[in-house]
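# Results of the structural survey
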Amino acid sequence: QVQLVESGGGLVQAGGSLRLSCAASGRSDSTRVMAWFRQAPGKSRELVAYIPWSGGATNHADSVKGRFAISKDNVKNTVYLQMSGLTPEDTAVYYCATGRPPAWDMAEPSGYGYWGQGTQVTVSS
(Lines give C-alpha, C1' and ligand atoms only; values in the text may rest on other atoms or scores of the structure.)
Protein backbone atom coordinates (compact mmCIF):
# COMPACT_ATOMS: atom_id res chain seq x y z
CA GLN A 1 0.00 0.00 0.00
CA VAL A 2 1.02 3.55 -0.71
CA GLN A 3 -0.29 6.66 0.99
CA LEU A 4 -0.15 10.08 -0.67
CA VAL A 5 -0.83 13.32 1.16
CA GLU A 6 -1.02 16.60 -0.74
CA SER A 7 -0.58 20.06 0.70
CA GLY A 8 0.02 23.60 -0.48
CA GLY A 9 -3.23 24.50 -2.18
CA GLY A 10 -5.09 27.73 -1.53
CA LEU A 11 -6.43 30.96 -2.95
CA VAL A 12 -4.13 33.09 -5.07
CA GLN A 13 -4.56 36.02 -7.41
CA ALA A 14 -3.98 35.69 -11.13
CA GLY A 15 -0.30 35.86 -11.93
CA GLY A 16 0.65 34.45 -8.55
CA SER A 17 2.48 31.29 -7.57
CA LEU A 18 1.91 28.23 -5.41
CA ARG A 19 3.89 25.11 -4.65
CA LEU A 20 2.07 21.86 -4.08
CA SER A 21 3.67 19.00 -2.19
CA CYS A 22 2.85 15.31 -2.20
CA ALA A 23 4.38 13.20 0.55
CA ALA A 24 4.48 9.48 -0.20
CA SER A 25 4.71 6.73 2.38
CA GLY A 26 4.30 3.00 2.49
CA ARG A 27 5.56 0.47 0.00
CA SER A 28 8.37 1.83 -2.14
CA ASP A 29 8.68 1.01 -5.81
CA SER A 30 11.22 2.74 -8.00
CA THR A 31 9.40 1.65 -11.17
CA ARG A 32 6.46 3.90 -10.36
CA VAL A 33 5.62 7.19 -11.98
CA MET A 34 4.54 10.14 -9.85
CA ALA A 35 2.00 12.47 -11.38
CA TRP A 36 -0.15 15.49 -10.75
CA PHE A 37 -3.69 15.58 -12.12
CA ARG A 38 -6.34 18.24 -11.77
CA GLN A 39 -10.08 18.32 -12.05
CA ALA A 40 -12.14 21.45 -12.48
CA PRO A 41 -15.91 21.49 -11.83
CA GLY A 42 -17.78 19.79 -14.64
CA LYS A 43 -14.60 18.65 -16.37
CA SER A 44 -12.69 15.39 -16.61
CA ARG A 45 -9.59 14.75 -14.58
CA GLU A 46 -6.57 15.77 -16.64
CA LEU A 47 -2.88 15.02 -16.38
CA VAL A 48 -0.80 18.06 -15.48
CA ALA A 49 2.68 16.57 -15.21
CA TYR A 50 4.54 13.38 -14.38
CA ILE A 51 8.00 12.28 -13.37
CA PRO A 52 9.49 8.80 -13.10
CA TRP A 53 10.37 8.02 -9.50
CA SER A 54 13.69 6.51 -10.56
CA GLY A 55 14.65 9.63 -12.50
CA GLY A 56 14.46 10.64 -16.12
CA ALA A 57 12.63 13.20 -18.16
CA THR A 58 9.61 15.02 -16.84
CA ASN A 59 6.55 15.72 -18.91
CA HIS A 60 4.09 18.60 -18.67
CA ALA A 61 0.76 19.22 -20.32
CA ASP A 62 0.84 21.83 -23.06
CA SER A 63 -1.51 24.03 -21.04
CA VAL A 64 1.06 24.40 -18.23
CA LYS A 65 4.39 24.22 -20.05
CA GLY A 66 6.65 27.08 -19.10
CA ARG A 67 4.53 27.87 -16.03
CA PHE A 68 4.49 24.68 -13.94
CA ALA A 69 7.37 22.40 -13.00
CA ILE A 70 7.26 18.98 -11.39
CA SER A 71 10.17 17.81 -9.27
CA LYS A 72 10.94 15.25 -6.57
CA ASP A 73 13.02 14.75 -3.48
CA ASN A 74 13.89 11.08 -3.10
CA VAL A 75 15.19 11.57 0.43
CA LYS A 76 11.92 13.10 1.58
CA ASN A 77 9.80 10.85 -0.65
CA THR A 78 8.04 13.98 -1.81
CA VAL A 79 6.96 15.27 -5.20
CA TYR A 80 6.37 18.94 -5.85
CA LEU A 81 4.47 20.99 -8.38
CA GLN A 82 5.73 24.53 -8.62
CA MET A 83 3.07 26.67 -10.27
CA SER A 84 3.61 30.21 -11.48
CA GLY A 85 1.77 32.57 -13.77
CA LEU A 86 -1.50 31.16 -12.49
CA THR A 87 -4.72 32.02 -14.28
CA PRO A 88 -8.37 31.45 -13.32
CA GLU A 89 -8.35 28.52 -15.76
CA ASP A 90 -5.95 26.73 -13.41
CA THR A 91 -8.62 26.62 -10.72
CA ALA A 92 -9.23 22.97 -9.86
CA VAL A 93 -8.69 20.27 -7.29
CA TYR A 94 -5.16 18.98 -7.75
CA TYR A 95 -4.42 15.33 -7.09
CA CYS A 96 -1.17 13.50 -6.63
CA ALA A 97 -1.09 9.99 -8.05
CA THR A 98 1.32 7.14 -8.50
CA GLY A 99 1.37 3.92 -10.44
CA ARG A 100 2.75 2.14 -13.47
CA PRO A 101 0.61 3.40 -16.36
CA PRO A 102 1.29 2.15 -19.87
CA ALA A 103 3.82 4.29 -21.70
CA TRP A 104 1.36 4.93 -24.54
CA ASP A 105 -1.32 6.29 -22.22
CA MET A 106 0.30 8.16 -19.35
CA ALA A 107 -2.65 10.53 -19.14
CA GLU A 108 -5.25 7.87 -18.34
CA PRO A 109 -6.20 8.19 -14.65
CA SER A 110 -7.08 4.49 -14.40
CA GLY A 111 -3.40 3.69 -14.94
CA TYR A 112 -2.55 5.07 -11.51
CA GLY A 113 -3.36 2.85 -8.57
CA TYR A 114 -2.87 5.26 -5.71
CA TRP A 115 -4.27 8.76 -5.21
CA GLY A 116 -4.10 11.50 -2.66
CA GLN A 117 -7.15 13.23 -1.26
CA GLY A 118 -6.70 16.32 -3.42
CA THR A 119 -5.98 19.94 -2.64
CA GLN A 120 -8.00 22.88 -3.88
CA VAL A 121 -6.31 25.60 -5.93
CA THR A 122 -8.40 28.68 -6.61
CA VAL A 123 -7.12 31.52 -8.78
CA SER A 124 -9.02 34.78 -8.63
CA SER A 125 -9.05 37.26 -11.50
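Above this text is the structure in question.
Note that the structure is predicted; figures quoted are calculated from it, not measured.

Rules of the game
- Residues numbered from 1 in each chain as written.
- Predicted model: local features only at pLDDT ≥ 70, side-chain atom pairs only at ≥ 80, totals over all residues.
- Heavy atoms only, no water.
- Salt bridge = Lys/Arg side-chain N within 4 Å of Asp/Glu carboxyl O.
- Helix = DSSP H or I, 4+ residues; strand = E, 2+ residues; numbered from the N terminus.
- Disulfide = S-S within 2.5 Å.
- Buried < 20%, exposed > 50% of the residue type's maximum accessible area, 1.4 Å probe, protein only.
- Pairing = 2+ DSSP bridges.
- Polar contact = N/O pair within 3.5 Å; in protein donor to acceptor, adjacent residues only side chain to side chain.
- Contact = heavy atoms within 4.5 Å.
- Axes fitted to C-alpha atoms, helices over the stretch in contact; angles between N-to-C directions.

### Things to note about the pattern of salt bridges
Taken as a whole and judged by the stated rule, the model has four salt bridges. Between Arg67 and Asp90 there is a salt bridge, with its nearest N and O atoms 2.7 Å apart. With Arg67 in the loop between strand 6 (59-60) and strand 7 (68-73) and Asp90 in the loop between strand 8 (78-83) and strand 9 (92-99), this pair connects stretches of sequence that are 23 residues apart. One salt-bridge network, in which partners are shared between bridges, spans Arg38, Glu46, Arg67 and Asp90.

### Re the state of the cysteines
On inspection of all chains with the given rule, the structure shows one disulfide. Note that Cys22 is cross-linked by a disulfide to Cys96, the S-S spacing being 2.0 Å. On the sign convention where negative means left-handed, the S-S torsion of about -75° between Cys22 and Cys96 marks this disulfide as left-handed. On the criterion of sequence distance, the pair formed by Cys22 in strand 3 (residues 18-26) and Cys96 in strand 9 is long-range, its members being 74 residues apart. Each member of the pair Cys22 and Cys96 is classed as buried.

### Focus: the pairing of strand 9
Here strand 9 lies mainly inside the structure; seven of its eight residues are buried. Here strand 4 (residues 33-39) runs beside strand 9; their pairing, made up of seven bridges, is antiparallel. Looking at the pairing, Trp36 lines up with Cys96 of strand 9. Where strand 9 and strand 10 (residues 112-115) come together, three bridges link them in antiparallel fashion. In the strand pairing of strand 10, Gly99 is matched with Tyr112.

### Observations concerning the side chain of Thr98
Inspection of the secondary structure assignment puts Thr98 in strand 9. Classification of Thr98 by relative accessible area gives buried; the value is 0%. One polar contact links Thr98 to Arg32, side chain to side chain, over a distance of 2.8 Å. A distance of 3.0 Å separates the side chain of Thr98 from the backbone oxygen of Val33, its partner in a polar contact. For Thr98, the contacting residues outside a window of four places in its chain are Val2, Leu4, Arg32, Val33, Met34, Tyr112, Gly113 and Tyr114.

### Digging into the sheet that holds strand 1 (residues 2-7)
Spatial ordering of the open sheet is given by 1-3-8-7, a layout of four strands whose pairing is antiparallel. If you trace the sheet from one side to the other, it starts and ends with strand 1 and strand 7, each paired once. Strand-to-strand twist in this sheet, taken as the mean axis angle between neighbours without regard to direction, amounts to 15°. Strand direction decides the pairing type here: strand 1 and strand 3, joined by six bridges, are antiparallel. The residue bridging Val2 from the neighbouring strand is Gly26, located in strand 3.

The values reported here are purely geometric and, on their own, carry no functional implication.
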